[in-house]
Amino acid sequence: MSSCAPLLPLLLCRHSEVLLYLAPSLLLALVIRALSARHPFFFLFTLAGTICHELAHFCVGWLTGAQPASFSVVPRRVGGGWELGSVRLTRVRWYNAAPAALAPFLVVLLPFLVAAWRTRGGVHAEWIDVPLAFAIAPQFLACWPSSVDWKIALRSWPAVVLAGALWWALVRSGWV
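Rules used in this analysis
- Residues numbered from 1 in each chain as written.
- Predicted model: local features only at pLDDT ≥ 70, side-chain atom pairs only at ≥ 80, totals over all residues.
- Heavy atoms only, no water.
- Helix = DSSP H or I, 4+ residues; strand = E, 2+ residues; numbered from the N terminus.
- Expected span 1.5 Å × (residues − 1).
- Buried < 20%, exposed > 50% of the residue type's maximum accessible area, 1.4 Å probe, protein only.
- Arc of directions from axis to C-beta.
- Contact = heavy atoms within 4.5 Å.
- Disulfide = S-S within 2.5 Å.
- Salt bridge = Lys/Arg side-chain N within 4 Å of Asp/Glu carboxyl O.
- Axes fitted to C-alpha atoms, helices over the stretch in contact; angles between N-to-C directions.
- Parallel < 35°, antiparallel > 145°, perpendicular 65-115°, else oblique.
- Left-handed = near helix turned anticlockwise from the far one by under 90°.
- Nonpolar A, V, L, I, M, F, W, Y, C, P; charged D, E, K, R; others polar.

A.B. asks: Which residues make up helix α3 (residues 47-63), and what values do they have?
C.D. replies: Taking 1.5 Å of rise per residue, the 17 residues of α3 would be expected to cover 24 Å, and the 24 Å separating its terminal C-alpha atoms lies within 8% of that figure. Those residues of α3 that sit buried are Gly 49, Thr 50, His 53, Glu 54, Ala 56, His 57, Val 60 and Gly 61. Down the axis of α3, the buried side of the element spans an arc of 140 degrees, and every buried residue falls inside it. Facing away from the buried side of α3, by more than 90 degrees, are the exposed residues Trp 62 and Leu 63. Check the buried side of α3 and you find it contacts β1 (68-72), β4 (86-89), α4 (97-101), α6 (129-142) and α7 (147-153).

Right, dumping it as structure tokens:
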């Protein structure tokens, strides 16, 4: 670690093995993105990410009371583009809109958890790492909420105002 310190910040230095393990998956994610933009057949390589993205919406929607009613990971043509999956939530309110809509951010944890598991004893390549790279790569593509997700998340603006007011009150009172 001492040889790494002059070159990289401490956080990157401490987790360099995890980042090294994830590098091929990040490159593979870029290839998958480029290929899936050219032909719908390559959506097959995004399936693992789509499932995790939609499961994140479904699970957080269920936990926050947004009442998920349907779940699909079958790609379909919508306007000039493709919808790779969807979850229909029947009870989206101001307090659960942002958590349910922005839940795909949680998907980015999966590659890091797998990389931490695989690099426990140092970086070493084994046969299992090839399919894991193909399973991890789409997670990097799936962790960003869609434009529809962001629009739904905006329904939670009252929660942001309440959190800001609470923070201001805590700072003003000397608690923080």
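A.B. asks: Can you tell me about the state of the cysteines, naming the residues and giving the values?
C.D. replies: By the definition in use, this model includes zero disulfides. The cysteine Cys 59 is free of any disulfide, with Cys 52 supplying the nearest cysteine sulfur at 10.0 Å. Of the residues examined, Cys 59 reaches a relative accessible area of 40% and is grouped as partly exposed. Between Cys 143, a free cysteine, and Cys 52, which holds the nearest cysteine sulfur, the sulfur-to-sulfur gap is 11 Å.

A.B. asks: Any details on unusual backbone geometry? Residues and values, ideally.
C.D. replies: Located in the positive-phi region is Gln 67, a residue other than glycine, with phi close to 50 degrees. Within the secondary structure layout, Gln 67 lies in the loop between α3 and β1. Note on Gln 67: relative accessible area 44%, which makes it partly exposed.

A.B. asks: Now, about the pattern of salt bridges: what can you tell me, with residues and values included?
C.D. replies: Considering all chains together, one arrives at three salt bridges under this definition. The partner of Arg 76 in a salt bridge is Glu 83, and the shortest N-O contact between them spans 2.9 Å. When its relative accessible area of 46% is taken as the criterion, Arg 76 is described as partly exposed. Relative accessible area serves as the criterion here: at 23%, Glu 83 is assigned to the partly exposed category. Note that Arg 118 is salt-bridged to Asp 129, the shortest N-O span being 2.8 Å. One end of the pair, Arg 118, is in helix α5 (residues 109-118); the other, Asp 129, is in helix α6, and eleven residues separate them in sequence. Overall, Asp 129 belongs to the buried group, its relative accessible area being 12%. Each of Arg 118, Glu 126 and Asp 129 takes part in one network of salt bridges that share partners.

A.B. asks: For the packing of helix α2 (residues 16-38) against α6, give the residues involved together with the corresponding values.
C.D. replies: Two packed helices can be described by the angle between their axes and the distance between those axes. Where α2 contacts α6, the axes come no closer than 8 Å and their chain directions differ by 60 degrees. Judged by the angle between their axes, α2 and α6 are oblique. Like other packed secondary-structure pairs, α2 and α6 cross with a definite hand, here right-handed. Between α2, through Tyr 21, Leu 22, Ser 25, Leu 26, Leu 28, Ala 29, Ile 32 and Arg 33, and α6, the contact on the second element is made entirely by Asp 129, Leu 132, Ala 133, Phe 134, Ile 136, Ala 137, Phe 140 and Leu 141. When the residues that make up the contact of α2 with α6 are grouped by side-chain class, the tally is 13 nonpolar, one polar and two charged.

A.B. asks: Which residues make up the environment of Trp 117, and what values do they have?
C.D. replies: On the secondary structure map, Trp 117 appears in helix α5. Take Trp 117: its relative accessible area is 42%, and that puts it in the partly exposed class. Sequence-wise, Trp 117 and Val 18 are 99 residues apart; in three dimensions their C-alpha atoms are separated by 9.0 Å.

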